[in-house]
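Spelled out, the chains give:
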Amino acid sequence: VHTHDTAGGSIASMLAAAEAGADVVDGAIDAMSGLTSQPSLGALIGALKGGELDTGYDLNQLEPLNNYWERARRLYLPFESGQLSGSSDVYMHEIPGGQYT
């Protein structure tokens, strides 16, 4: 299942999809997640930890990857849209796929 996290509610959608039997749900490394990207992989892993759908991933092992992508993302800051948090605009305007262009 693939989605974008523009409105900030996609983690709940991915958890519901997993609980409903989806084989795979899409997430992005935390530093690159949210907004027009996918929901946070760390949040998904953390929410599923200890349950029937535990991924087996250790959040501590993702930290070096997340740190790398945090540094890399700073290089692209001049090209960011300026949107810093989720937006309910997607609900008011029915943006296809939740995309901002």
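Residues numbered from 1 in each chain as written. Predicted model: local features only at pLDDT ≥ 70, side-chain atom pairs only at ≥ 80, totals over all residues. Heavy atoms only, no water.

What follows concerns the overall build of the chain. Helix and strand counts for the chain come out as 4 helices and 0 strands. When the elements of the chain are put in sequence order from the N terminus, they spell out α-α-α-α. Taken over 101 residues, the chain has a buried fraction of 29%. Looking at the chain alone, contacts between residues at least 24 apart form 56% of all its contacts between residues at least 6 apart. Surface exposure of the chain reaches about 6800 Å², of which carbon and sulfur atoms provide 54%. (Helix = DSSP H or I, 4+ residues; strand = E, 2+ residues; numbered from the N terminus. Buried < 20%, exposed > 50% of the residue type's maximum accessible area, 1.4 Å probe, protein only. Contact = heavy atoms within 4.5 Å. Areas by Shrake-Rupley, 256 points an atom, 1.4 Å probe, with all protein chains shown as cover.)

Further remarks concern the packing of aromatic side chains. On inspection of all chains with the given rule, the structure shows 1 aromatic pair. Measuring from centroid to centroid gives 4.9 Å for tyrosine 68 and tryptophan 69, while their planes differ by 85°, and the two rings are edge-to-face. Residue classification places tryptophan 69 among the partly exposed residues on the basis of a relative accessible area of 34%. (Phe/Tyr/Trp six-rings, centres within 6.5 Å; stacked < 30°, edge-to-face > 60°.)

Below, the discussion takes up the environment of methionine 32. Within the fold, methionine 32 resides in the loop between helix H1 (10–19) and helix H2 (41–48). Judged by relative accessible area, methionine 32 falls into the partly exposed class, the value being 32%. Residues within four places of methionine 32 in sequence aside, it is in contact with Ser37, Trp69 and Arg73.

Quick look at the side chain of glutamine 38 now. Inspection of the secondary structure assignment puts glutamine 38 in the loop between H1 and H2. Residue glutamine 38 is classed as buried on the basis of its relative accessible area of 15%. Aside from chain neighbours lying at most four places away, what touches glutamine 38 is His2, Thr3, His4, Asp5, Asp26, Gly27, Ala28 and Ser33.

With that settled, consider a nonpolar patch on the surface. A cluster of nonpolar residues, Met32, Leu65, Tyr68 and Trp69, forms a patch on the protein surface that exposes about 380 Å² of accessible area. Considering the arrangement of structural elements, one finds leucine 65 in helix H3 (residues 59–75). (Patch = residues over 30% accessible without salt bridge, like charges linked within 9 Å, V, L, I, M, F, W, Y side chains within 5 Å. Salt bridge = Lys/Arg side-chain N within 4 Å of Asp/Glu carboxyl O.)

Bringing the packing of H1 against H2 into the picture now. At their nearest, the axes of H1 and H2 sit 10 Å apart, and the two run at 50° to each other. Here H2 runs oblique to H1, going by the angle between their axes. Once H1 is placed against H2, the crossing between them reads as right-handed. Only Ala43, Leu44, Ala47 and Leu48 of H2 make contact with H1, whose side of the interface consists of Ile11, Met14 and Leu15. (Axes fitted to C-alpha atoms, helices over the stretch in contact; angles between N-to-C directions. Parallel < 35°, antiparallel > 145°, perpendicular 65-115°, else oblique. Left-handed = near helix turned anticlockwise from the far one by under 90°.)

Shape is all these values report; function is a separate question.
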